[in-house]
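# Examining the three-dimensional arrangement
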Amino acid sequence: MSHPSSRFAAAAIARLGFWKAHRFLLLRRASQLTVLTLFAMGPWAGIWLLQGNLSASLLLDTVPLADPLTTLQVLLTGHLPQFQLLLGAILIGLFYGLLGGRVFCSWVCPVNMVTDFAAWLRRRFNLPRTPELPGKFRYFMLALVLLLPMLTGFTVWEWLNPVPILYRALLFGNVTGISIIVAIFLADLLLAERLWCSHVCPTGALYGLLGKLSPVKIAAVKREACNNCMDCFSVCPERQLLKPALKGQQRLISDADCTLCGRCIDVCAAEVFQYKNRFNKEFQRFAHKAENEQ
Amino acid sequence: MTTQSPPLKGLNRRQFLATSARYACAAGLVGSGLVAIARAQQLGPQALRPPAALAEAEFLSACVRCGLCVEACPYDTLQLARWFAPAPMGTPWFSARDIPCEMCDDIPCVKACPSGALDPSLHDISEAKMGVAVLIDEKACLNFKGLRCDVCYRVCPLLDQAISIEMSRNHHSDHHALFIPVVNSDKCTGCGKCEHACVLDVPAIKVLPPALAQGKAAAHDTYQDTGSVTLEMLNGGFKP
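Nothing here was measured: the structure is a model prediction, and the numbers come from that model.

### Describing the domain arrangement of chain A
All names here are of chain A. Partitioning chain A into domains gives domain 1 (26–210) and domain 2 (211–293). Each of domain 1 and domain 2 has a C-alpha centre, and these two points are 25 Å apart. Contacts between the two partners involve 26 residues from domain 1, matched on the other side by 20 residues from domain 2. When the two sides are added together, the surface that domain 1 and domain 2 hide from each other amounts to roughly 1,600 Å², 42% of it contributed by carbon and sulfur. Interface area lost by domain 1 to domain 2 is led by Arg102, Arg123 and Arg194, which between them contribute 26%. Taken together, domain 1 and domain 2 are joined by 5 salt bridges. A salt bridge links lysine 136 to aspartate 257, with the nearest nitrogen and oxygen atoms 3.3 Å apart. Applying the counting rule to domain 1 against domain 2 returns 19 residue pairs in polar contact (both at pLDDT 80 or more). Contributions of two or more residues to the side of domain 1 that touches domain 2 are made by α3 (83–99), α4 (103–107), α6 (137–152), α9 (195–200) and α10 (202–210). Looking at the side of domain 1 that touches domain 2 residue by residue, the classes come out as 11 nonpolar, 6 polar and 9 charged.

Printed below as a string of C-alpha cells:
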C-alpha cells in the first residue's frame, strides 16, 4: 500500500495487527470457498463429498440437505416432495436457527463475495454514499417469492435466484447465469450500496427470520471505548443496526438482519464488538432494562 | 420488535399504509416480471426430460434444480439448462442427438432425485416415457429410398418392440421391397438412441416429447380397441 495513512481501518491494523484486523473476513472467505470446493470436487475431480448444489444436496452419500426457501416454494406449489427434501430443509433450518440465520449469507453464500467486492470497490474509490433504501423491502420480496408458487403452481423465483445460479455456473458450467451475478455486482457498485444482500434478497430474509431465536449475536460489549471513528459503519452491510447497539439501550444486536459477519469486530481498534451468547445473563439484564424503559 | 429502528417509532398509520402500499406495488411489479420471465422459458420440442419426470407443469412445481440427477448420470447425458437452452433455467434435460439416455437398469438419476420431480415409483427403465421416436422425414430416410440402413432399428434397446421393420412393396421399381422402420409408441421410451444414430446430417427420426408426438382419442370414442373393431366392421358390416 502506497498510502498507509489513508488505508481503511488503519487504526485497527496498527493496533491489532493484520491478522486480527482481518481474521473474520479471512475466515469467512475460507468458509465460503471450502463449501464451494466441497461441492466442486465432485464434478471437477470426481471426489463426491457433497453432491448437488445449495438448492439441495447429499452429504457423504447419506445426509440430505436442502434450502428452506426452495423447499417452501415447492410445498406451496402444492407438490408434496419426497421425505429426503423435507428432512434436508429441516436440518438446514435447525443448523442456521442455532448458529444465527444470516450466518448463511456471510459464511456460505457465494453471492456475498461478489457484493462484498462491490462494497470494497465503493470504499476503495470513495464513491459517494447513495440514499438509504428501506431494508424491509426484502420481506416483501420473501412474501412475493412464497406467494407466486401458490398463484402460478411453479417455483417462479428459481428462474432468477442468484444463489443457486452462481453455483450452477461453477459446478455445471451454466455460464450464461453469470449475467445475473454481473447485474447484481453492477447494481451494488453503481445503483445503491448493498442493494442486493441488504435490501432485496429473499433468501437472506428467510435465513434472518430463521435466526431470530439463535443464541449467537454480536454485541457492542465495550462501547464506552468507542471513539466514533466510523470504520464499522463503513464496512457493515447492515449499518442501521450499529447505532442502537452503540448508543441505544441495548448493546446486543438482536435484529435478524445482522449477518454475523464479524467485520465490525475486525475493524474496531478499540475492540468494542464481540460475538456473544444472547442468553448470557448480562444481556438478559440489558434486555429487561430496555423493555422496562419503553 | 420496534427497538432496532427508532425512526419507525414516530410512524403514524397513514405513513405505514403508504409505505406498505408502495412496497407491495414494487413487489407486485417484480412479481409480474418474474412470472413473465418464467413463462417465457418453456421446454423446447427437442428437449427431453430425464426418465420418470412428472408431466411438465408438475415437474416445474417439484424440481429444485439441484443437479443431483445430472451428477448421478454415468454417461453425462443429463445437463442443467442454461439460459437460452430449450428448457427452463436450471432444470435437467438432454438432447437425444448429442448424448442419448443409456437406460441404466438401476436408474441412478431417479434414485438421486430428492424432490420427487422424477417419480421414484419407476423401477423398470423400459417403462420410462421420456419421449416418443417419430420417423418424421420419410423423404430423407434411407429405408424409404429402398436401402437397408436400419441403423435406428438396430440400436434400439427394445429391438423389435419399440422399433420394428415392416416389409412392403417398393413401387418405385415394382419388384423390390421396402423395409420400413415403424415405431410402437406404446413401447418406445424416448431414450433417443435412434435419433443419435441416424446416419443423415439431420436425423430423419426424432424423439419428441410424448405430449407433442402422441394423439389422443376423443372422449366420446367408446371403442376400446379400434383396431379389432374396424376389422369386424370390414368383415361383417357396420353394427353401431
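### Let's talk about the nonpolar core
Residues Phe104 and Phe273 of chain A are the most contacted members of the largest nonpolar core, which totals 126 residues. If one sorts the elements of this core by residue count, helix α1 (residues 10–45) of chain A sits on top with 9 residues. When sequence neighbours within four positions are dropped, the list of residues in contact with phenylalanine 104 of chain A reads Leu54, Tyr96, Cys109, Val163, Thr203 and Tyr207 of chain A. Listed in part, the 10 residues of the second largest apolar core include Leu58 of chain A together with Val64, Leu68 and Ala112 of chain B.

### Some remarks on the packing of helix α5 (residues 111–124) of chain A against helix α8 (residues 178–191) of chain A
The description of two packed helices rests on the angle between their axes and on the distance between the axes. Residues and elements named next belong to chain A. Relative to each other, α5 and α8 sit at 30 degrees, their axes nearing to 8 Å. Between α5 and α8, the angle is such that the two are roughly parallel. As α5 packs across α8, the resulting crossing turns out to be right-handed. Where α5 approaches α8, its residues Val111, Val114, Thr115, Phe117, Ala118, Leu121 and Arg122 are matched on the opposing element by Ile181, Ile184, Phe185, Asp188, Leu189 and Leu190. In the contact of α5 with α8, the residues fall into 10 nonpolar, 1 polar and 2 charged.

### Side note on the domain arrangement of chain B
Quoted interface sizes are often the accessible area lost when the parts come together. Residues and elements named next belong to chain B. In terms of domain boundaries, chain B breaks down into domain 1 (42–129) and domain 2 (131–215). Computed over C-alpha atoms, the centres of domain 1 and domain 2 are 24 Å apart. In this assembly, 17 residues from domain 1 lie in contact with 27 residues from domain 2. Both faces combined, the contact of domain 1 with domain 2 buries some 1,500 Å², and carbon together with sulfur accounts for 54% of it. Here domain 1 is connected to domain 2 by 1 salt bridge. For lysine 193, the salt bridge identified is with glutamate 102, shortest N-O distance 2.9 Å. At the junction of domain 1 with domain 2, the criterion picks out 11 residue pairs in polar contact (both at pLDDT 80 or more). Class assignment of the residues belonging to the side of domain 1 that touches domain 2 gives a composition of 10 nonpolar, 3 polar and 4 charged.

### Looking at the packing of aromatic side chains
Residues and elements named next belong to chain A. For the structure shown, the criterion picks out 13 aromatic pairs over all chains. When the centroid spacing of 5.0 Å and the interplanar angle of 70 degrees are considered together, the rings of tyrosine 96 and tyrosine 207 count as edge-to-face. Placement of the pair is tyrosine 96 in helix α3 and tyrosine 207 in helix α10, with a sequence separation of 111 residues. For the residue pair tyrosine 96 and tyrosine 207, the accessibility class agrees, reading buried in each case. Consider the rings of phenylalanine 154 and tryptophan 159, whose centres lie 5.3 Å apart with planes at 65 degrees: the pair is edge-to-face. An identical accessibility class is assigned to phenylalanine 154 and tryptophan 159; each is buried.

What counts, and at which threshold
Residues numbered from 1 in each chain as written. Chains lettered and ligands numbered in written order. Predicted model: local features only at pLDDT ≥ 70, side-chain atom pairs only at ≥ 80, totals over all residues. Heavy atoms only, no water. Domains from an automatic or database assignment. Contact = heavy atoms within 4.5 Å. Buried area = accessible area lost by both parts, 1.4 Å probe. Salt bridge = Lys/Arg side-chain N within 4 Å of Asp/Glu carboxyl O. Polar contact = N/O pair within 3.5 Å; in protein donor to acceptor, adjacent residues only side chain to side chain. Helix = DSSP H or I, 4+ residues; strand = E, 2+ residues; numbered from the N terminus. Nonpolar A, V, L, I, M, F, W, Y, C, P; charged D, E, K, R; others polar. Core = buried A, V, L, I, M, F, W, Y, C linked by side-chain atoms within 4.5 Å. Buried < 20%, exposed > 50% of the residue type's maximum accessible area, 1.4 Å probe, protein only. Axes fitted to C-alpha atoms, helices over the stretch in contact; angles between N-to-C directions. Parallel < 35°, antiparallel > 145°, perpendicular 65-115°, else oblique. Left-handed = near helix turned anticlockwise from the far one by under 90°. Phe/Tyr/Trp six-rings, centres within 6.5 Å; stacked < 30°, edge-to-face > 60°.

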